[in-house]
Amino acid sequence: MILPLYLIFYFITGSVSKESCDSPLVSALPQSAFTSSSELSNSHGPGFAKLNRRDGAGGWSPLDSNKYQWLEIKLEQRTEITAIATQGRYGSSDWVTRYFLMFSDTGHNWRPYRQEDSIGAFSGNSNADSVVMYKLQQPVIAQYVRILPLDWNPNGRIGLRLEAYGCQYKSDVVGFDGSAHLLFRPDPSVTPANRDVLSMNFKTLLNSGTLVHMEERSGHTLTLELFRGKLLLQLRKGRGSSADFHPLVSLGSLLDDQHWHHVSVERVRGLVNFTVDKNTQQFQLPESWSHSEINEGNVSFTCTESIDVPVTFASPGSFLALPWVSGGESVSVTLQFRTWNKAGLLMTFDLQHNAGTLWLYLSEARVRLQIHKTGRIMTDITAGASLNDGQWHSLELAVRRGRLAVTLDRTDSSTASTSFPVAPDSQLFLGGCPDTEHSSCRNPFSVFQGCMRLIRTDAALVDLIRVQQMLFGNFSDLQMDMCGIVDRCSPSRCEHGGRCSQSWSTFHCNCSATGYGGATCHSSIYEASCEAYKHKGNTSGFYYIDVDGSGPIKPQLIYCNISDKAWMVIQHNNTELTKLKVSSGINQHLAHFNYSADVEQIQAIITQAEYCEQELSYHCKKSRLLNTPDGAPFSWWVGQSGEAHMYWGGAVPGSQQCACGLQENCVHPEHFCNCDADSKEWSNDSGLLSHKEHLPVRALTVGDINRSGSEAAYRVGPLQCYGDNSFWNAAYFNKETSYLHFPTFHGELSADISFLFKTSSSSGVFLENLGIKDFIRIELSSPTQVLFSFDVGNGPLEVKVETPSALNDERWHHVRAERNVKEASLYVDHHPGAVQKAPADGHIHLQLNSQLFVGGTASRQKGFLGCIRSLKLNGKTLDLEERAEITPGVTPGCPGHCSSYGDLCQNHGSCVEDHSGFTCDCSLSPFTGTFCHKDVSAFFKPGTSVTYTFKEPYELNRNVSAQSSSIYSDLTLKGENVSLSFRTSQAPALLLYVSSYYREFLAVLLNRNGLKHVRLNIVDFAILVNSAGDTEISSKTLEETTFVFFLGETSEKQETKTFPLNTQMHLFLSAESGEVDPEIARLNALGFTGCLSVVQFNSISPLKAALLYPDTSPVIVTGPLSESSCGSSLHTNPYAAETTHSLTDHVGSVNTGEPIVNAINSDSALIGGVIAVVIFVSLAALAVMARFLYRRKETFQPQEPKAGKTDDSPETPFNTDPNSQSIISDNQKEYFI
């Protein structure tokens, strides 16, 4: 049928008076309009159940007070019902405390009224006289009303008086038999309106069929079709076999239930609102539609109602028992069922003559039949598939002449032969078994939860109304004359594209590949910025960024360049330098830039960022740019809002200048851009665009490229932003009575709240929002407990997290709370979370109406003392700092981040406080990087060396006094920290050499047999490295090993230590005296080939200084040296093994008048030229005195063995300040690497 959109409203929609629809509907009805399941006496009959009436016994009471009783009212005609009111029986102890409200057009096939799509029950009365009224959120159109009491006064009986309110409902009705249609073709002279509305109500028992077909003049058609119980809108472009179908939208579910459903299609120009019952979706549609004419086919302007009596198996105790009376040889049982469950018992009975038991049940959404006898399976067949789809499925069990057949939906059949009669003995059980000891029915499977109808035994339809009246068969926990199936996935409560699946009583969301988590896929599993990733200890790389958390913007993969600042780098399709040449007929070049992130996400990132920039450069040769100072610009760029901008990178908005014009350093001062000079030589204008409201660059137009000799090139760099204003947005609450208030929090179905806090207080309320009855609150209830409490109408619920350590430790702690229709959860830091399931079929809407209080409460005196930071509600950050600026007792911002994030600084890096976060100072660490985590490595070849030079505090000469000489002899190096990592296949080799002013030296040698020797002029000890524990290393390539040698005090002359590394290490200590071993000079001549990494002597990192700061450090590099990643796979902890030893006495004489550095330089051919890593240390006595001044007293005392670390700790730095008062000479000590 072809129906223009804008006239369907006139023909199909019902006319309803909306001025006043609250008139009493029951009080004027005759007693004959009231019926009930039973009555206690004539004076307790249903006709006396009128509100505020005292007739008879003062109301209706049934004979028995149980859950199978009901009171029914037949209204005069189909009526719009808007409210219901109840009352107990007058002057008695009889009243109903909870009930179901049901409606019907025919007195059969009842439909329960649901509040919030999940609440089926209404709360009733608490005494006999008060009236409890409910205004229905969605009015109901029906002629019959039924009340089913669920609970009543335990000290009385069921007693009820009631009233319904509403108004008359009139509508034109048309019935279709499957072949009939209506065709409407309006007057072609009528101009189509800009707004069209198609509105109708429909009901049917069939799950598929076309409702409306609309055709546009060009042949495009729009079809409203019912398919498998859902309404589909489909657009077909074109005609014939080449037509292109486009499903536009699908709404509704289970619409084949023979109840009225409302459909509306509203078009305002190209925008269409499609509504089914209470749910609406929008989409775009072509505007014009053709005019047609009206015809009538074979239709009936009445609605013939079929009597359909379904039954609902809703609980685990539900069953239906039917007597079996047929005595023939054949057996036939048919029925229809619908369910969401994959498993459940459909039917069972014992066979005659004790031949066994038959079970017909659902298993993995297929029907399976088994016959068991004495523990053996005699017959086993399956049929059907995907039977848990909520659709009606027909099932037939037929036995005839030794053949048993199970048929699904009349097409899928499975058969089996039997050698024994298959017929019920006396009873047939459907859905389950009685929970009694005397019952012969046994159910080893799950119970069936769903609906059945059209049950036939040997072709005779079972009268379920007689069953309900206890006149036939037996049952328990059944909902008669209704199908209570609910589609919990329509509309889906799964957010962000989560896939919904369901059973009879609940639903489940599959959140895989969505980027979100939780019971409803509500909360993002990703961070909102690179700043947040940095403060989790992450380094540079690609990360998914979800800038609005649980909001609608999808996560996006973005590169985070994490250094002192965490930069978000958003690439586009052309970040390279693009060269342009003269092209005939082309006056302008237009470039569009497509970014790796969506428009919404880019805008959100820019808004949230502290700073953004984008490079814009133009290289020119006889090609003008902005045509300054007075001409019209030849080039411009388009920003975020689509507006063209006439300023260039490095200039300010609206200036029509380049960076050189702003800085007044253009090559030609009369122009504001270098390129505007129109020079025949190459020039350029480059700079950064940093006005956030204009970024990013969406398009670029380049002109002045059509003249002979004109050449140009441009580059638009990636968008880069750092900082996260929401991450550091904080407020400090310094009074218990202080708080911030914000507008009401709207989180009706899903609410997620996250924030960080730090405090020294033992308790306090973080936030609270109240409604009339509902509320939501998060508080620190004790030093080790965070409490999340709320009420959505089901009574207060609490979710608690206990932590093993106190939370009032002045460190930042992260709280995440979420409440949705399925559950509530609470997480604190990385501790195990707590989850509280929502009540089944409970209220789901959180209704708040007061202001949101942060840091305090409207209901209590004690608020929160401390800091709250990065408070987000449903992905939106509350600006705490802005509100704190104008609120007494609250201060914006909250310093002190190193207490929480300082542990991220590794390898002796120190945490430095910042207003918004922290940085890691790596100056005293041999590592570099954001967290001092990146090793500094170089690959050495023979001939490569690095000299590191220090200035002496006093000028040492050959003619110093004996007194000073004695001072020098008493002041020795008490303890030094030396560390390095290496990898080499060379043996033998010299790895390390350290020499002091007093000719003390330390050398680390690699011998030919794989021994690592540490040789001193007073001590010699060797380290044997072998993962197998053998005395020799067979492999030429040595194991990757990290050593740390700490030279301190000890009285031990010989000792052995074993270190818990991957290899065994044995240390042999023995006394030795003499000058530098000749072996060192021999190994030095061989040079070193291999990788060295993280070399450190106390606080000095000579390799790091040479590679990263060669221009500002006192280093001299000989030979090729460049940074390498060769050490990246070495042991990340350079302090894995630590050996302590002391230099207590000087052996031999020391010439205090000549620095040792000069002596070593004189032998540079032997030592300084080719040693891979050699550190020479010459420390004069007063230099040592200045550095260790705080422990001077200990220095002059007799040396004693110490168990612990000396005061000369590795963290104590050298004084390298050339302007220090203690430095008065230029004598040097050298560190060769």
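Notes on the structure in this doc start here. Because the structure is a prediction, the values reported are computed rather than measured. Throughout, residues of each chain are indexed from 1 in the direction in which the sequence is written. Per-residue local features are limited, in this predicted model, to residues with pLDDT of at least 70; the limit for side-chain atom pairs, both in listing and counting, is 80 or more; totals at the level of whole chains, interfaces and linings are taken over all residues. Values reported for side chains reflect all heavy atoms of the structure, with hydrogen atoms and water molecules removed beforehand.

The next subject is the overall build of the protein chain. Looking only at helices and strands, the protein chain features 13 helices and 80 strands. Between buried and exposed lies partly exposed: a residue is buried under 20% and exposed over 50% of the maximum accessible area for its type, with that area taken using a 1.4 Å probe on protein chains only. Split into buried and exposed, the 1233 residues of the protein chain put 53% on the buried side. By the convention used here, residues are in contact when the closest approach between their heavy atoms is within 4.5 Å. For the protein chain, contacts bridging at least 24 residues in sequence account for 70% of all contacts bridging at least 6. Here the Shrake-Rupley method, with its probe set to 1.4 Å, supplies the accessible areas, and only the displayed protein chains count as covering residues. As displayed, the protein chain offers around 54,800 Å² of accessible surface, 49% of which is attributable to carbon and sulfur atoms. Secondary structure counts use DSSP, requiring at least four H or I residues in a row for a helix and at least two E residues in a row for a strand, with both numbered from the N terminus.

Being paired, for any two strands, means DSSP has found at least two bridges between them. The 4 strands lie next to each other as β42-β47-β44-β45, forming an open sheet whose pairing is antiparallel. Whereas interior strands pair on both sides, the edge strands pair on one side only; in this sheet they are β42 (589-592) and β45 (644-645). Strand direction decides the pairing type here: strand β44 (residues 636-638) and β45, joined by 2 bridges, are antiparallel. Residue pairing for β45: Trp637 is matched across the bridge by His645.

A few words on the state of the cysteines. Note on terminology: pairs of cysteine sulfur atoms within 2.5 Å are recorded as disulfides. Across all of its chains, the model carries 15 disulfides by this definition. Two residues, Cys530 and Cys560, share a disulfide whose sulfurs are 2.0 Å apart. Residues Cys530 and Cys560 are joined by a disulfide whose S-S torsion is about -75 degrees; by sign, that bridge is left-handed. Of this pair, Cys530 sits in helix α3 (residues 530-534) while Cys560 sits in strand β39 (residues 556-562); the two residues are 30 residues apart in sequence, bridging distant segments of the chain. Each member of the pair, Cys530 together with Cys560, is buried.

So, on to the packing of aromatic side chains. Classification of ring pairs rests on two measures: the distance between centres of Phe, Tyr or Trp rings, Trp counted by its six-membered ring, which must be within 6.5 Å, and the angle between planes, read as stacked under 30 degrees, edge-to-face over 60 and tilted in between. Evaluation of the coordinates by the stated rule reveals 28 aromatic pairs. Here the aromatic rings of Phe313 and Phe448 are separated by 5.7 Å at their centres, their planes lie at 70 degrees, and the arrangement is edge-to-face. On the criterion of sequence distance, the pair formed by Phe313 in strand β19 (residues 311-313) and Phe448 in the loop between β29 (427-430) and β30 (450-457) is long-range, its members being 135 residues apart. Note on accessibility: Phe313 and Phe448 belong to one class, buried. Taken together, the ring pairs in this structure connect Tyr99, Phe103, Tyr113, Phe122 and Tyr134 into an aromatic cluster.

This next bit is on helix α4 (residues 599-608). Along α4, the residues that are buried comprise Gln601, Ile602, Ile605, Ile606 and Gln608. In this fold, the buried residues of α4 make contact with β38 (541-545), β39, β40 (566-570), β43 (611-621) and β49 (719-722).

The next subject is the sheet that holds strand β20 (residues 319-323). Read across the open sheet, the 7 strands follow the order β25-β24-β23-β22-β29-β20-β32; overall the sheet is antiparallel. Each edge of the sheet is formed by a strand with only one pairing partner; in this case those strands are β25 (376-383) and β32 (474-476). Strand-to-strand, the axes of this sheet are offset by a mean angle of 15 degrees, without reference to chain direction. Where β20 lies against β29, 4 bridges are found, and the strand directions are antiparallel. Its bridge partner being in β29, Leu320 is matched across the sheet by Leu430. Axes here mean lines fitted to C-alpha atoms, for a helix over just the part in contact, with angles spanning 0 to 180 degrees between N-to-C directions.

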